[in-house]
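Below are the chains, spelled out letter by letter.
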Amino acid sequence: MNETLAFDRTLVEPEGRAIAVSSLVRRIVAPNGGPFTFTGTCTYLIGQSELAVVDPGPENDVHFDALVDAIGASTVSAILVTHTHKDHSPLARRLQALTGAPILGCAPHFAARPLGEGETNRLDASADRDYRPDRILAAGEVIEGKGFTLEAVPTPGHTMNHLSFALAEENALFSGDHVMAWSTSIVAPPDGSMGAYMASLEVLMARSETVYWPGHGGPVMEPARFVRGLLHHRRMREATITERVQAGDRFIPLIVERLYSGLDPKLKRAAALSVFAHLEDLVVRGLVQTAGEARLDGEYWVG
Ligand SMILES: [Zn+2]
């Protein structure tokens, strides 16, 4: 079956200034577009005379100036961070130095776990290890400001510390890199976990927000339908990987070879990590076997 997900690749270009996307929300797109960031990281300003800033963005002078400009004479009362990737959290420190607002949000970056032989010291280069929140928000914790009410919604999976934020006044969710309209999320160990990612999608299925504002690209409209599609897409992938293992492809490089024939060698490690993320989850659920813990260089079988 040829299963497809409809992605909205509507361009959301950096304009060097804040654009109003709803009556309470403005967005600034950072000039850091690329294969993993689409047109750039979206920073959101919520409120009017008092503001909460979601994901200040990468360490970038142009983006910082645009942010300062957009804040103008308003007060920033909270700096919120979805996760500690370098395209989302680093500018929180400069913004705090300027405004004195507390950095609230996700936990600091988790130490990487070993994935296999020779992999022990290979740490995820995309992590912002200097991120220090003033307070880590608990599930359901509410941040209130003049005109806005934001609730912390833990959504681990893309990274284990990933948080989303629900804006009650507009029935909207700032979904970070967990759910995006332009592409599926990268779910790759050691930072990411497929089991957690799927569980976080189920958490969102039980909620009622009607629009998501992601960390990259335009909004996710009809999010319930979209999230159901994401769950279906990953389950199809999981079924294909289980079939390969069942057919006798017992090692990750072999499965990658079969599933991604003709893949650019530069993307092979990413593909291997994605297959590994699924295998790790299948092992935990007892659907695929391996000796001990799942590893990048492990052997896998069914039954
Ligand atoms: Zn990310």
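What counts, and where the lines are drawn
Residues numbered from 1 in each chain as written. Predicted model: local features only at pLDDT ≥ 70, side-chain atom pairs only at ≥ 80, totals over all residues. Pairing = 2+ DSSP bridges. Helix = DSSP H or I, 4+ residues; strand = E, 2+ residues; numbered from the N terminus. Buried ≥ 20, exposed ≤ 12 C-beta atoms within 10 Å, placed from the backbone. Right-handed = clockwise from strand over helix to strand, strands pointing away. Core = buried A, V, L, I, M, F, W, Y, C linked by C-beta atoms within 7 Å. Domains from an automatic or database assignment. Contact = placed C-beta atoms within 7 Å. Nonpolar A, V, L, I, M, F, W, Y, C, P; charged D, E, K, R; others polar. Axes fitted to C-alpha atoms, helices over the stretch in contact; angles between N-to-C directions. Parallel < 35°, antiparallel > 145°, perpendicular 65-115°, else oblique. Left-handed = near helix turned anticlockwise from the far one by under 90°. Expected span 1.5 Å × (residues − 1).

On to the sheet that holds strand S10 (residues 163-167). Taken in spatial order, the six strands make up an open sheet running S8-S9-S10-S11-S12-S13, and their pairing is mixed. The sheet is open, and its two edges are formed by strand S8 (142-145) and strand S13 (220-221), each paired on a single side. Where S10 lies against strand S11 (residues 172-176), three bridges are found, and the strand directions are antiparallel. By the bridge assignment, Ala166 is partnered in S11 with Leu173.

Here S11 lies mainly inside the structure; five of its five residues are buried. In textbook terms, the turn of a hairpin is the stretch between consecutive antiparallel strands, and for S10 and S11 this stretch comprises four residues, one of which, Asn171, has a positive phi near 50°. Here S11 pairs with strand S12 (residues 211-214) via four bridges, running parallel. Across the sheet, residue Leu173 finds its bridge partner in S12, namely Tyr212. Handedness of the crossover is the feature at issue here: the chain leaves S11, passes through helix H3 (residues 194-205), returns alongside S12, and the resulting connection is right-handed.

What follows concerns the nonpolar core. If you look at the biggest cluster of nonpolar residues, it comprises 51 residues, and the most contacted ones within it are Ile46, Ala52, Val53, Ile79, Leu80, Leu150 and Phe165. In terms of nonpolar packing, the next biggest core, distinct from the first, is built from 22 residues, Ala188, Val256, Leu273 and Leu296 among them.

Domain parsing of the protein chain yields domain 1 (19-230) and domain 2 (235-301). For domain 1 versus domain 2, the distance between C-alpha centres works out to 29 Å. On the domain 2 side, the residues contacting the 10 residues of domain 1 number 13 residues. Residue classes in the side of domain 1 that touches domain 2 are distributed as five nonpolar, three polar and two charged.

With that out of the way, let us pick up the packing of H3 against helix H4 (residues 223-246). The N-to-C vectors of H3 and H4 enclose an angle of 155°; their axes lie 9 Å apart at closest approach. Classed by the angle they form, the pair H3 and H4 counts as roughly antiparallel. For the crossing formed where H3 meets H4, the hand is left-handed. In contact with Met198, Leu201, Leu204 and Met205 of H3, H4 contributes Ala224, Val227, Arg228, Leu230, Leu231 and Arg234. Split into classes, the residues belonging to the contact of H3 with H4 amount to eight nonpolar, no polar and two charged.

Glancing now at H4. Between its first and last C-alpha, H4 extends 34 Å over 24 residues, near the 34 Å set by a 1.5 Å rise per residue. When H4 is considered as a whole, its buried residues turn out to be Pro223, Phe226, Val227, Leu230, Arg234, Glu238, Ile241, Arg244 and Val245. Tucked inside the fold, the buried residues of H4 contact H3, S12, S13, helix H5 (252-259), helix H6 (268-284) and strand S15 (300-301). Remark: Gly248 follows H4 within two positions and exhibits a positive phi of approximately 110°.

What follows is about the environment of Gly33. Mapped onto the elements, Gly33 comes out in the loop between strand S2 (25-29) and strand S3 (42-47). When neighbours within four sequence positions are excluded, Gly33 is seen to be in contact with Phe38, Thr39 and Gly40.

Within a regular strand, side chains alternate between the sheet's two faces. Summarising burial for strand S5 (residues 75-81): six of the seven residues are buried, a large majority. Sheet topology note: the strand S4 (residues 50-54)/S5 ladder contains five bridges and is parallel. Across the sheet, the residue bridging to Val54 is Leu80, located in S5. Note that the unit made of S4, helix H1 (residues 61-71) and S5 has a crossover that is right-handed. Two elements, S5 and strand S6 (residues 103-105), share three bridges in a ladder whose sense is parallel. Paired with Val81 across the strands is Gly105, a residue of S6.

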